[in-house]
Amino acid sequence: LVNSRDGDAIKDFLKRLKEMGVDPLVVVTDLWKAYHSALLDVFPEAEHQLCVFHAIQAVMKHTNQALLTYRRGLPQETEEQKAIRKDLWRHRYLLLKTNRKLSDEQRRRLKDILKEHQGSVLPTAYRCKELILALFRKSRNKKDALKRRDAILDQFGDVPELRRYSMSFGAITLIS
């Protein structure tokens, strides 16, 4: 539909839609920032919502990146240190899977992992991820979602390892 992935191409595409009589009330996009300014220019009255799938995909990507960065920084000089790294790798899915979908045994193992790595970015990234996922499940309306989003950003926005994570998340409902 567009010749390239830049803001001008998106803007031109939206202008063509407008010329054809399209006047949307709501536009749903992925997290690509070029949509924001193009939509403001061409359809300033339209509400801009971000795709839940893409938003959750970004949250999972950043949670995984926090885990990988943390794991890479762990020492690996002794067999015990290597075992800790290996165990973390073997159970990484527990940090990425939503808590409500874990078995009781998996929840116990996750609790142990988070305790073993207390004071690191892992428990912080996990809690942040769970709160963001809950935002999508539990918010009753836009006002409630914004309140939950702001509380999450207040709690986790200054964590250096989650800066990109919280910036992507902040865009989830900032655009409207």
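Our subject is the structure listed above.
Here the structure is a predicted model, which means the values were calculated and not measured.

(A) Region of the structure containing the overall build of the protein. Within the protein one finds 9 helices and 2 strands. Element order for the protein, N to C, with α for helix and β for strand: α-β-α-β-α-α-α-α-α-α-α. For the protein, buried positions account for 40% of its 176 residues. Counted over contacts in the protein with a minimum sequence separation of 6, partners at least 24 positions apart contribute 53%. Of the roughly 11,200 Å² of accessible surface on the protein, 52% is carried by carbon and sulfur atoms. The averaged location of the 23 negative side-chain charges in the protein is 5 Å from the averaged location of its 34 positive side-chain charges.

(B) How the structure looks around the nonpolar core. Of all hydrophobic cores here, the largest spans 14 residues; its most connected members are Y70, L88, L95, L110, L122 and Y126. Among the elements of the structure, α3 (52–73), α5 (92–96), α6 (104–116) and α7 (121–138) are those that each provide at least two residues to this core. Each residue touching Y70, except ones within four places of it in the same chain, is listed here: L88, H117, S120, V121 and L122. Counting 11 residues, the second-largest nonpolar core is a separate cluster that includes F13, L14, A38 and F43.

(C) Structural detail: the packing of α3 against α7. At a closest axis distance of 9 Å, the pairing of α3 and α7 adopts a crossing angle of 175°. Between α3 and α7, the interaxial angle falls into the category roughly antiparallel. Mapping the contact onto sequence places V52, A55, I56, V59, M60, T63, A66, L67 and Y70 in α3 and V121, L122, A125, K129, I132, L133 and F136 in α7.

(D) Structural context of empty space enclosed by the protein. Per the counting criterion, the structure on display carries 2 cavities of 30 Å³ or more. Empty space within the second largest cavity amounts to approximately 30 Å³. Around the second largest cavity, the lining residues are T63, L67, L95, L122, A125 and Y126. Those elements that place two or more of their residues in the lining of the second largest cavity are α3 and α7. Among the elements that line the lining of the second largest cavity, the one with the most residues is α7, at 3 residues. Among the residues making up the lining of the second largest cavity, the classes are represented as 5 nonpolar, 1 polar and no charged.

(E) View of the pairing of strand β1 (residues 26–29). Only one face of β1 is buried: it carries V27 and T29, and the other face, with V26 and V28, is open. Bridging between β1 and strand β2 (residues 47–50) involves 4 bridges; their strand directions are parallel. In the sheet register, V26 faces β2, and the bridge partner there is E47. On the question of chirality, the crossover connecting β1 to the parallel β2 by way of helix α2 (residues 34–42) is right-handed.

(F) Spotlight on the packing of helix α1 (residues 7–19) against α2. Look at α1 against α2: their axes get within 9 Å of each other, and the N-to-C directions meet at 35°. α1 and α2 meet at a crossing whose hand is right-handed. Each of G7, I10, K11, L14, K15 and K18 in α1 lies in contact with α2, whose residues at this interface are A34, Y35, A38, L39, D41 and V42. Of the residues that constitute the contact of α1 with α2, the class distribution is 7 nonpolar, 1 polar and 4 charged.

(G) Focus on the pattern of salt bridges. A complete count under the given rule lists 11 salt bridges for this structure. Taking the shortest distance from any N to any O, the salt bridge between R90 and D87 comes out at 2.7 Å. Placement of the pair is R90 and D87 together in helix α4 (residues 79–90), with a separation of 3 residues, close to one helical turn. Residue class for R90 comes out partly exposed when judged on its relative accessible area of 49%. One salt bridge connects E116 with R109, and the closest N-O pair in it is separated by 3.4 Å. Look at the salt bridges and you will find they share partners, linking D87, R90, R109 and E116 into a network.

(H) Representation of the side chain of T63. Relative to the elements of secondary structure, T63 occurs in helix α3. Overall, T63 belongs to the buried group, its relative accessible area being 4%. For T63, the side chain forms a polar contact with the main-chain oxygen of V59, separated by 2.8 Å.

Procedures and definitions
- Residues numbered from 1 in each chain as written.
- Predicted model: local features only at pLDDT ≥ 70, side-chain atom pairs only at ≥ 80, totals over all residues.
- Heavy atoms only, no water.
- Helix = DSSP H or I, 4+ residues; strand = E, 2+ residues; numbered from the N terminus.
- Buried < 20%, exposed > 50% of the residue type's maximum accessible area, 1.4 Å probe, protein only.
- Contact = heavy atoms within 4.5 Å.
- Areas by Shrake-Rupley, 256 points an atom, 1.4 Å probe, with all protein chains shown as cover.
- Lys, Arg positive; Asp, Glu negative; His and termini not counted.
- Charge placed at Lys NZ, Arg CZ, Asp CG, Glu CD.
- Core = buried A, V, L, I, M, F, W, Y, C linked by side-chain atoms within 4.5 Å.
- Axes fitted to C-alpha atoms, helices over the stretch in contact; angles between N-to-C directions.
- Parallel < 35°, antiparallel > 145°, perpendicular 65-115°, else oblique.
- 1 Å grid on protein atoms, 1.4 Å probe; cavity = no way out; pocket = protein on both sides within 12 Å on 5 of 7 lines; lining within 4 Å.
- Points joined across faces, edges and corners; volume = space filled by probe spheres on them.
- Nonpolar A, V, L, I, M, F, W, Y, C, P; charged D, E, K, R; others polar.
- Pairing = 2+ DSSP bridges.
- Right-handed = clockwise from strand over helix to strand, strands pointing away.
- Left-handed = near helix turned anticlockwise from the far one by under 90°.
- Salt bridge = Lys/Arg side-chain N within 4 Å of Asp/Glu carboxyl O.
- Polar contact = N/O pair within 3.5 Å; in protein donor to acceptor, adjacent residues only side chain to side chain.

Read these as layout, nothing more, since geometry by itself doesn't imply function.
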